[in-house]
Amino acid sequence: MLVSIGRAEPARRPRYGGTLRVEIGTVVNSIDPSVAAATPEEAAAKEEICALIYERRNADGTFAGVAGTGAFRIAEWEPGKHLMLEANPEHGGGRAFVDSVEIQMGKTAHDRLVDLEVDKADFAEIPPQDVRRAMEGGVRVSQSQPDQLLAIVFTPGRAVAEDAHAREALSRSIDRAAIVNFILQKEGEPAGGLLPQWSSGTAFLFPTAVDASTAKNLWAQIGGSPRIVLGYDASDPLEQSVAERIVVNARDAGIDVTATASQGATADYDARLARLRMVSPRPAAALARFAAAISPLTGLSADPLAEGAPPQQIYDHERAIVSSYRVVPLIWVPRVYGLSARVRNWTAPASGEAWPFEGIWLGDAQ
Amino acid sequence: MRRALTDQLAILGGREVEDASADSHLRITISQGLEGYLLVAEVSGSAAPQTIVVPVAHGEEIAGQPGPTPSIQRKIVWQQSRPILDFAQADIDASHTVWYLLEPERIEVYEFSGGAQILHESRTVGRSFASRDPRGRIVATDATHITTFLAGMQCDSAWNPTFAIQCKEIPGQQWPMGAVNWRFESPRNYFSGNMVFSNSLETKFPAFYSAASPSSETSGQSKSRWIISGIDGQTQLVGGTADATTILTGWGSDIATLAPVCGSQWQVLATGAGDWTQPDHLQLYEITDQRAVAVGQSLEVPGPVLTLWLASDGKSARMVVRNLETGVYEASIVTVACSN
């Protein structure tokens, strides 16, 4: 006979077993660190996955050693679609509590949210603007400090993208504060530079205020009837909303911008929105990785920035990139995750930290 | 009340008058006995003295005298930034005290004399596996001999004349828990459920993080009763007179029976539910037939309880908490006191 008094609650001590079901929007086609990612978004997702399967990193932050030496090793891999990882029993830090992690790629934000609500997923990225809806749907929400930079990246070789006046005009026309307040529902911060104030201490030197009159003057100096085609990730509702807002802001300054959904890096556009995630809270390391990530997209040289570079050097480097207007910082966005009720011991990763899957356990695992 | 009484007397044909002219003297006393309130009337005067005692019906149970309440007390005895799996303190003589601190990969030994540290030894202990939830236990034979159990290893240590340690890997390791051994499930963080008693009898329970049975000082409880903090998240009270298993809710993973204070009931100290991101608490429960009743106030602690072992005196427990605010591991002695 079993007498139950009330509902059983989970024990406090970690529990081994179970599969963590993860859904992400990004499509990752290669998890080989030596293969360049097609987009910054893919690079960021790949960074998360590689942090699970590689034990060591080089001094520059890139992964070292052999895949499978990390907390997890690869069990099944279907590029671009599905990755199954299993706990590595030999891991020096101890075996992960979950038996496996199943990552489904290319899931839309809507599908991810629905799957969290119906308990088909344990962990999924949630667009920051959907935080309220997720919470109303009973989803557990975890949010990091704003450590993802959403920026416009101009495509090298395109006529309008090669015009410095056009790039600067677009940058000055954008009302970043309005994007934060209305689209992000204040879940972020305007960005003028490539590093946040808490990291570099110099972000205040990069203005974020809209300057429509200068934008208008700059745009007027361009000959012909230029138009900027702005691409955004079709699977990312935040990028779509921001792109549409930029179109409105630009129009107010007399700038002709068209927003178009893009797939991958080869679409026909003059500029595109890109998410750049800080891989380190340290300004030199973060800036170096930003520069490396945007170099293939902008044609800017990714001059190495030495570890431990002095603040002046970091600022000069950042200023040089921003002043080119080939990368136009827009907003800092937090990473927002939805969690199922059975996820235990979750702590939101700090800037530069990867998904902490090795330390979590599942409340109903056996 | 006096007015109500005189009104009632008037209805019955009587009246209240001054002392000298009264036919009878009536003194009413409101009193309380074990079973309730009483109205006591003492009548004297022309007739024979009479005393009438009337019980008063009451709507509520009369509260008894407040009894003694157990209260949990924690004394922090050691703090450090490195993880502590278990600890022990032993007095070599009146002026020398030794502290043993078991960490995931080593044992630290400190000797104090008159409050001053005079020795610090550190010995690496082997491990057969790495764990994200390492557990360990120190069993002190005397002040200079200890045995440690952790990560599939058993290490015997002694002062002879310096501190020496010998470790060996033992598959299916049995951890001594008083009169019974628990089989540790390497490379996990729990016990298999097999308990081996001193008479070599073996009992099988579901796999558990910790377990508790009545102490010898407990009255009216079978020693075959157990509370099992299972790895499925359920705490079960098993055995006893009824053929029933009761699921106890709100209990954490770590429990320990303490010798009863404030009575002779089976008393169990238990951590709370949750995970390692939240502060924890200790609650004392009294176990009756099929019930666990929380007694006294719970004791809040500033982080998860990582270790809770009954001390050899049977009256206290050794506890390790990771303070979430400071990140420091706090080793504490937990006792229960009786207070009014």
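Throughout this document, residue positions are counted from 1 along each chain, in the order its sequence is written. Starting at A for chains and at 1 for ligands, labels are handed out in the order in which the entities are written. Note on the predicted model: pLDDT of at least 70 is required for a residue's local features to be given, and 80 or more for side-chain atom pairs to be given and counted; whole-chain, interface and lining totals, by contrast, use all residues.

*Asks:* Looking at this model, I keep getting lost on the overall build of chain B. Mind explaining?
*Replies:* Secondary structure elements follow DSSP: runs of H or I of four or more residues count as helices, runs of E of two or more count as strands, with numbering from the N terminus. Tallying secondary structure elements over chain B gives one helix and 27 strands in all. For chain B, with 340 residues in total, the buried portion stands at 32%. By the convention adopted here, residues are in contact when the distance between their C-beta atoms, placed from the backbone, does not exceed 7 Å. Long-range pairs, those at least 24 residues apart, make up 36% of the contacts in chain B between residues at least 6 apart in sequence. A residue is called partly exposed when the number of other C-beta atoms within 10 Å of its own lies between 12 and 20, exposed at 12 or fewer, and buried at 20 or more, with C-beta atoms placed from the backbone.

*Asks:* What should I look at first to understand the overall build of chain A in this one?
*Replies:* When helices and strands are counted, chain A shows ten helices and 16 strands. Computation of the radius of gyration draws on C-alpha atoms, with the globule rule given as 2.2 Å multiplied by the number of residues to the power 0.38. The C-alpha radius of gyration of chain A comes to 22 Å, within 12% of the 21 Å expected for a compact globule of 366 residues. Seen along its three principal axes, the alpha-carbon backbone of chain A occupies a region of about 85 × 45 × 35 Å. Of all intrachain contacts in chain A linking residues separated by at least 6 positions in sequence, the fraction that spans at least 24 positions is 69%.

*Asks:* Sorry if this is basic, but what is going on with the environment of alanine 354 of chain A here?
*Replies:* Residues and elements named next belong to chain A. Inspection of the secondary structure puts alanine 354 in the loop between strand 15 (343-344) and strand 16 (361-362). Given 15 C-beta atoms within 10 Å, alanine 354 falls into the partly exposed group. Those residues in contact with alanine 354 that sit more than four places away from it in its chain are Glu48, Ala51, Leu52 and Pro349.

*Asks:* Please explain the domain arrangement of chain A as it appears in this structure.
*Replies:* Size of an interface, as often reported, equals the accessible area lost when the parts are brought together. Residues and elements named next belong to chain A. Taken as a whole, chain A is organised into domain 1 (19-144 + 336-362) and domain 2 (146-333). Here domain 1 and domain 2 have C-alpha centroids that lie 27 Å from each other. Of all the secondary-structure elements, those providing two or more residues to the side of domain 1 that touches domain 2 are helix 1 (40-53) and helix 3 (131-136). In terms of residue count, the dominant contributor to the side of domain 1 that touches domain 2 is helix 1 (five residues). What fixes the domain bounds is an automatic or database domain assignment.

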